[in-house]
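Listed below are the residues making up each chain.
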Amino acid sequence: MSQEPEPEPEPTPDGARDARRRQFAEAVREERPDLALLCLLIAAEADPALDEAGIDAAQIELDRLAGLLPYAPVGGPLAWARNVAELLGTQCGFGGAAVDYRRLESSLLHEVLRRRRGLPILLSVVWIEVARRAGAPVYGVALPGHFVVGFGAAPPDTGAPAAPGGQVLVDPFGGGRVLDGQDAALLVAGATGGQLSEGMLTPADPLEIVLRILNNIRAWARARPEQSAVQLWALDLSLLLPSRPARLRHERAQLLVERGEFLAGAAELEEFAKVVEPVEPDTASAVRRQAAAARARLN
């Protein structure tokens, strides 16, 4: 008599996490990284209940919103900007406020889609993904301290004239209000005290956006010592990116030591020392002393 096949075992929490991270590592190396998927995989680290069905539902919601936009509106980039702002900012109520900076949910795409509140960069991801699906010429613009969205042609790096239609900037955090040059300059001055430069207005690469989101999560968790586990997974994902600052290895090692994982932290410090030794031998020596001090804490 034939036997029923054994049911597949349910994945353990660690197994599910490892599978998500493998998916993230593969997705960041795609020729055209899927920004929405990467943001949702980040969100799944914070919310283990966000499974494959939840990720699909978020992508479907972005598709649904895109379907509410008119195709190729007359008026070029400005018409696109106004139509997306009318839909997302006015009709759907996407926007932000100062209180949103204090919530981890403001950096998680599925929560931003549900709450319609978030940080400037996550609201910008919603704007970008909805507008892109509708056929708009759209991209992120990583102004210092305040991420915004661009429609149309970005200023060229070559000094050549911009394409017809120019660039239109909008602020999703402000409900999608259109920014003129003075508005953008004020955002930069308010965040850094510096001046707006043309180079700040170029399109942000999707992986640059992902790293900036992870940086925000790390900063949120670093200010809350009880959230060190969040800081750790944000570092782990950052280290899977093809290009990332070497200092992240040092930060991860120091965090492990702070969490009482002295041997793991010391091993990470030793690895970081090997990386920096060819260019910064004094730094490598200092890091090795930190590793020895971490091991000594076991005695």
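Residues numbered from 1 in each chain as written. Predicted model: local features only at pLDDT ≥ 70, side-chain atom pairs only at ≥ 80, totals over all residues. Heavy atoms only, no water.

A few words now on helix α7 (residues 181-192). For α7, with 12 residues, the first-to-last C-alpha span of 17 Å sits near the 16 Å given by 1.5 Å per residue. Regarding α7, its N-cap is D180, as a side-chain oxygen of that residue lies 3.1 Å from the backbone nitrogen of Q182 further along. In the segment just after α7, G193 is the residue with positive phi, at about 80°. (Helix = DSSP H or I, 4+ residues; strand = E, 2+ residues; numbered from the N terminus. Expected span 1.5 Å × (residues − 1). Polar contact = N/O pair within 3.5 Å; in protein donor to acceptor, adjacent residues only side chain to side chain.)

Turning our attention to helix α2 (residues 35-46). Taking 1.5 Å per residue, 12 residues should reach 16 Å; α2 reaches 17 Å between its end C-alpha atoms and fits that length. Every buried residue of α2 is listed here: L35, A36, L37, L38, C39, L40, L41, I42, A43, A44 and E45. (Buried < 20%, exposed > 50% of the residue type's maximum accessible area, 1.4 Å probe, protein only.)

Next up on the list: the pattern of salt bridges. Summed over the entire model, instances satisfying the criterion amount to 22 salt bridges. Taking the shortest distance from any N to any O, the salt bridge between E268 and R249 comes out at 3.3 Å. Highlighted residues: E268 in helix α11 (residues 262-276) and R249 in helix α10 (residues 247-258), separated in sequence by 19 residues. Overall, the relative accessible area of 16% leaves E268 in the buried class. Take R249: its relative accessible area is 24%, and that puts it in the partly exposed class. Several salt bridges share partner residues, and in doing so they unite R21, E45, D236, R249, R252 and E268 into one network. (Salt bridge = Lys/Arg side-chain N within 4 Å of Asp/Glu carboxyl O.)

For the rest of this paragraph, the subject is the packing of aromatic side chains. Note on aromatic pairs: each is described by the distance of the centres and the angle between the planes. All told, the structure shown has one aromatic pair when counted by the stated rule. When the ring of Y101 is compared with that of F173, the centres are 5.7 Å apart and the planes differ by 65°; the resulting orientation is edge-to-face. Taken as a pair, Y101 in the loop between α4 (76-91) and α5 (109-115) and F173 in the loop between β3 (167-171) and β4 (177-179) lie far apart in primary sequence, 72 residues in all. The class of Y101 is partly exposed, set by a relative accessible area of 41%. A relative accessible area of 13% places F173 in the buried class. (Phe/Tyr/Trp six-rings, centres within 6.5 Å; stacked < 30°, edge-to-face > 60°.)

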